[in-house]
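Single-letter residue listing:
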Amino acid sequence: MPKDRPELPPVEELLTAAVTALGGVERPGQVKMAQAVRDAVESEEHLAVQAGTGTGKSLAYLVPAIRHAAEKGQAVVVSTATIALQRQLVDRDLPRLADALEGLLPHRPEFAILKGRRNYLCRHKMADGMPEDEDDQLFDPREVSATGRMVQRIQEWANETETGDRDEIVPGVSDQAWRQFSVTARECLGAQRCPSGADCFAELARERAGEADVVVTNHALLAIDAMEDFAVLPEHDVVVVDEAHELVDRVTSVVTGELSESTVGLAVRRAGRLIEQGVADRLQEAGEDLRALLAVAPPGRVDTLPGSLAMTLALVRDAAFACITALGPRNKDKDDPENAGLRKAAFTALDEVHDTAQRMLDAFGPAAGRDEAGDDAEDGGDSRDSGESRDSAGGANGGPGDARSEEVHRAEVVWLEEGRGRVPPTLRVAPLSVGGMLRDKLFGDRTVVLTSATLALGGSFDSLSRQWGLRAGEWTGLDVGSPFDHPRRGILYVATHLPQPGRDGLPEAYVDEIAELIEAAGGRTLGLFSSMRAAKAATEALRERLDVPLLCQGDDSTSQLVKQFAGDPATCLFGTLSLWQGVDVPGPSLTLVIIDRIPFPRPDDPLASARQRHVAATGGNGFMAVAATHAALLLAQGAGRLLRSMDDRGVVAVLDPRLATARYSGFLLNSLPPFWRTTDPAKVRDALRRLTAGS
Ligand code: SF4
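Parameters at a glance
- For every chain, the first residue of the written sequence is number 1, and numbering continues from 1 along that sequence.
- Local features are withheld for residues below a pLDDT of 70 in this predicted model, meaning they are given only at 70 or higher, and side-chain atom pairs are given and counted only at 80 or more; totals for whole chains, interfaces and linings count all residues.
- By convention in this description, side-chain values take in all heavy atoms of the structure and omit both hydrogens and water.
- Helix numbering and strand numbering both begin at the N terminus, where a helix is a DSSP run of H or I of at least 4 residues and a strand a DSSP run of E of at least 2.
- Under the scheme applied here, a residue whose accessible area is under 20% of the maximum for its type counts as buried, over 50% as exposed, and between as partly exposed, the area being computed with a 1.4 Å probe on protein chains only.
- Should any heavy atoms of two residues lie within 4.5 Å, those residues are counted as being in contact.
- Here a salt bridge means any side-chain nitrogen of Lys or Arg lying within 4 Å of a carboxyl oxygen belonging to Asp or Glu.
- A helix is expected to span 1.5 Å for every residue after the first.
- Polar contacts, as counted here, are pairs of nitrogen or oxygen atoms within 3.5 Å of one another; within protein the pair requires one atom able to donate a hydrogen and one able to accept it, and residues that are adjacent in sequence qualify only if both atoms are side-chain atoms.
- Patch definition: residues with relative accessible area over 30% and no salt bridge; like charges joined within 9 Å; nonpolar side chains (Val, Leu, Ile, Met, Phe, Trp, Tyr) joined within 5 Å.
- In short, Shrake-Rupley with a 1.4 Å probe defines the accessible areas, and a residue's cover is counted only from the protein chains shown.
- In this tally, Asp and Glu contribute negative charge and Lys and Arg positive charge; neither His nor the terminal groups of the chain are included.
- A charge is said to be at NZ when it belongs to Lys, at CZ for Arg, at CG for Asp and at CD for Glu.
- Only a single heavy atom is needed: when it lies within 4 Å of a molecule or strand, its residue is near that molecule or strand.
- Nonpolar residues are Ala, Val, Leu, Ile, Met, Phe, Trp, Tyr, Cys and Pro. Charged residues are Asp, Glu, Lys and Arg, and all others, Gly as well, are polar.
- Only Phe, Tyr and Trp rings are paired, with Trp represented by its six-membered ring, and only when their centres lie within 6.5 Å; those with planes under 30 degrees apart are stacked, over 60 edge-to-face, the remainder tilted.
- Strand pairing is assigned whenever DSSP identifies at least 2 bridges connecting the two strands.
- Note on geometry: axes are C-alpha line fits, over the in-contact stretch for helices, and angles between N-to-C directions span 0 to 180 degrees.

A. Geometry of the overall build of the chain. Scanning the chain from N- to C-terminus turns up 29 helices and 18 strands. Looking at the chain residue by residue over its 695 residues, the buried ones come to 53%. Restricting to contacts in the chain with at least 6 residues of sequence separation, those with at least 24 account for 78%.

Now the structure itself:
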């Protein structure tokens, strides 16, 4: 990328050229957003922009980003939460934008996509330079053969691929199959030492990124780049975070640690090939203790560290440390180049086990996991069994009074997830907040533009900016609105005559209401349910009553179901979380969005409930800061499925009457697009019949 600093055309001129070349219409919100991004980049002030569907927000940030890259001679990073948006940028928007701007800039804008190392084929592992990590627990011959077929497909693809990017493999392959051909960044030998370093796909992707004006990546890699000591992304001073409403969750996933019999078993298998058997056996035994303990422990948040768990975590930690010591110095690969890959893989797995066990002990304060942990265990005081120290299912709104000061100081939360299929019960640890981390590491030394169709919750950016760790005066917020005429094209109907949703599945009255709405709409319905159980119950009950085709998430791959739904207006699609955000179906196939209940986090969601208690313990309103914010974000995303093009019209029907009656309803309603509102079921059914007749 040339480092010259020419006089470049202003952003407005470049945007006009881009929009004209792409055959679009310039929209005031798009121009406003492009100017705001330019101003933020120039003033080096963080910016949060809410830009509704149809604004053309990708052009609104890509144009000033490309201009800045050309002027500065340095890449701009664009981060997304989903592969779908990554593909849209790299396969559609950026190539067309590069064509459009080529004649106006000193060089044709270049772009590249960069993912985490584990997304690329590792040639060294492929050539058998590292251990196969699969344990011997593939009891089910069908799974063995399915994985075997995927492995064969990967091997065939490996001979042809030019990028080594896993996402090229269609249909996709399982994580289990892919793991046999990929490494994490920590497991990688480093290009200098790796025999395949010169042809390494991950290194080639990095090289291409180093030459680009725009580097498209994901939130996880952005977080790793910001937090690790080594740079993963090319040098940059501007980041655009698209789908920014997902940032906190993605970053939390990156920094969540896990410990189970599987993670310990992996470390044992890797270390066992290189160290004395007795030392590896010690870790194996500690892993078995952990397995036995987790098998009988109740799933959920762990508020007080039971003595038995403290002792087992300390055993696991110390046994992992003994294995690390037995492996010898980390830099002895020169003396033993043949085993370099094996050693690196063993260190990575052992470090992970050791550090996570320590981190879990630390989560309960400095005394946890010291030598006296064993004494505690002998007291027999396992509070997990008594349940005394834990909230009841509804207790997330505030913990017991004597836990208050603990809550104020606690930085991390530990919970046990129950086993599913071949995945054993797993202990996890995550920070209560990633705001401080984001503030120091991400926002500290670069300008960040955060954007999404949904950022202003309850009409304000405050909820999300707090979660990002931004303080007043450090950022500006801008809502450029939407080109859609929401009050004229959409109705928000709240079914206030229905009972409040209960804990015991979908009330009969809800099923009747859904049936009447779908009949009025002639199908054309996306049903967004707060649980898979409710989606399935509604599907079963209504398949008997309605004569329109009803699809339910899980019947086929989600992309296939969405395709079927979009292709036939009479068809309805019911499902849960991924449909709330992932469905983009313009046209008459989607005329009615039904939402069964306000999507609060489950009361037993360990992280959300711990965060809520923490906010309450520090004097804030935990319910509003966590549960209502979560619900507002999802509701806005769900309602946003309705209008996807200028010609769309329809109804968002929320069956949960609390949206109109609860004390927090104003906050939730202010998070939604400004549809015309009603609580009259007859009016809504009439409107749906008219819409259906007119399309
Ligand atoms: S440099 Fe790392 S990722 Fe690349 S081939 Fe070698 S071990 Fe694999």
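Let's pick the thread back up.
B. View of the pattern of salt bridges. Under the counting rule described, the total for this entry stands at 33 salt bridges. Among the ionic pairs, Arg 250 bridges to Glu 246, the shortest N-O distance being 3.4 Å. Residue classification places Arg 250 among the partly exposed positions, given a relative accessible area of 30%. For Glu 246, a relative accessible area of 12% corresponds to the buried category. The shortest N-O distance in the salt bridge between Arg 301 and Asp 303 comes to 2.8 Å. Taking relative accessible area as the criterion, Arg 301 reaches 8% and is therefore assigned buried. Through salt bridges with shared partners, one network takes in Glu 12, Arg 38 and Asp 39.

C. Representation of helix 2 (residues 28-43) in the model. Between its first and last C-alpha, helix 2 extends 22 Å over 16 residues, near the 22 Å set by a 1.5 Å rise per residue. Residues of helix 2 that are buried include every one of Gly 29, Gln 30, Val 31, Met 33, Ala 34, Ala 36, Val 37, Ala 40 and Val 41, and no others. Residues of helix 2 that are buried sit in contact with helix 1 (11-21), strand 1 (46-50), helix 3 (57-72), strand 5 (236-241), strand 10 (447-452) and strand 11 (475-479). The positive-phi residue at the C-terminal boundary of helix 2 is Glu 44, with phi of around 60°.

D. Region of interest: the environment of Arg 166. Looking at the secondary structure, you find Arg 166 in the loop between helix 6 (141-158) and helix 7 (175-178). With 16 residues separating them in the primary sequence, Arg 166 and Ser 182 have C-alpha atoms 9.4 Å apart. Ignoring sequence-local partners within four residues, the contact set of Arg 166 consists of Asn 119, Trp 157, Val 173, Ser 174, Asp 175 and Trp 178. Within the structure, the side chain of Arg 166 is placed 2.8 Å from the backbone oxygen of Val 173, a separation counted as a polar contact.

E. Up close: a negative patch on the surface. Together, Asp 281, Glu 285, Glu 288 and Asp 289 give the surface a local cluster of negative charge. Relative to the assigned elements, Asp 289 resides in helix 12 (residues 277-296).

F. Broad picture of the site of the ligand. Close to the ligand lie ten residues, the nearest being Arg 117, Cys 122, Cys 188, Cys 194 and Cys 200. Classifying every residue of the shell around the ligand by side-chain character gives seven nonpolar, one polar and two charged.

G. Looking closely at the packing of aromatic side chains. Under the defined criterion, the tally for this structure stands at six aromatic pairs. Taking 6.1 Å as the distance between ring centres and 70° as the angle between the ring planes, the aromatic pair formed by Phe 461 and Trp 475 counts as edge-to-face. Separated by 14 residues along the polypeptide, Phe 461 in the loop between strand 10 and helix 19 (462-468) and Trp 475 in strand 11 bring together distant segments of the chain. In textbook terms, an aromatic cluster arises when at least three aromatic residues are bridged by ring pairs, as seen for Phe 600, Phe 623 and Tyr 664.

H. Focus on the pairing of strand 1. Judged by how many residues are buried, strand 1 sits mostly within the fold: five of five residues are covered. Burial along strand 1 is two-sided: His 46, Ala 48 and Gln 50 and Leu 47 and Val 49, pointing in opposite directions, are all buried. Direction of pairing for strand 1 relative to strand 11: parallel, over a ladder of five bridges. Paired with His 46 across the bridge in strand 11 is Trp 475.

I. Main features of the sheet that holds strand 9 (residues 426-431). Spatial strand order, 6-9-8-7: four strands in an open sheet with antiparallel pairing. Every other strand in the sheet has two partners, leaving strand 6 (257-259) and strand 7 (300-302) as the edge strands with one partner each. The sheet shows a mean angle of 30° between the axes of neighbouring strands, taken without regard to direction. Sheet topology places strand 7 next to strand 8 (residues 412-417); three bridges connect them, and they run antiparallel. The residue of strand 8 that forms the bridge with Gly 300 is Leu 416. Sitting on the sheet, helix 25 (residues 606-617) is in contact with strand 7, strand 8 and strand 9, with an inclination near 150° to strand 8.

J. Focus on the pairing of strand 12 (residues 490-494). For strand 12, the buried fraction is high: five of the five residues fall into the buried class. Burial of the side chains of strand 12 extends over both faces: Gly 490, Leu 492 and Val 494 are buried on one face and Ile 491 and Tyr 493 on the other.

K. Looking closely at the sheet that holds strand 11. Reading across from one edge, 3-4-2-5-10-1-11 is the order of the seven strands in this open sheet, with parallel pairing throughout. One side of each edge strand has no neighbouring strand; the edge strands of this open sheet are strand 3 (111-113) and strand 11. Sheet twist, expressed as the mean angle between neighbouring strand axes with direction ignored, is 20°. The pairing of strand 5 with strand 10 spans four bridges and is parallel. Opposite Val 240, over in strand 10, you have Val 449 as the bridge partner.

L. Seen up close, the environment of Ala 202. Position of Ala 202 relative to the elements: it lies in helix 8 (residues 201-211). Once the C-alpha coordinates of Ala 202 and Tyr 120 are considered, the two residues, 82 residues apart in sequence, prove to be 5.7 Å apart. Each residue touching Ala 202, except ones within four places of it in the same chain, is listed here: Arg 117 and Tyr 120.

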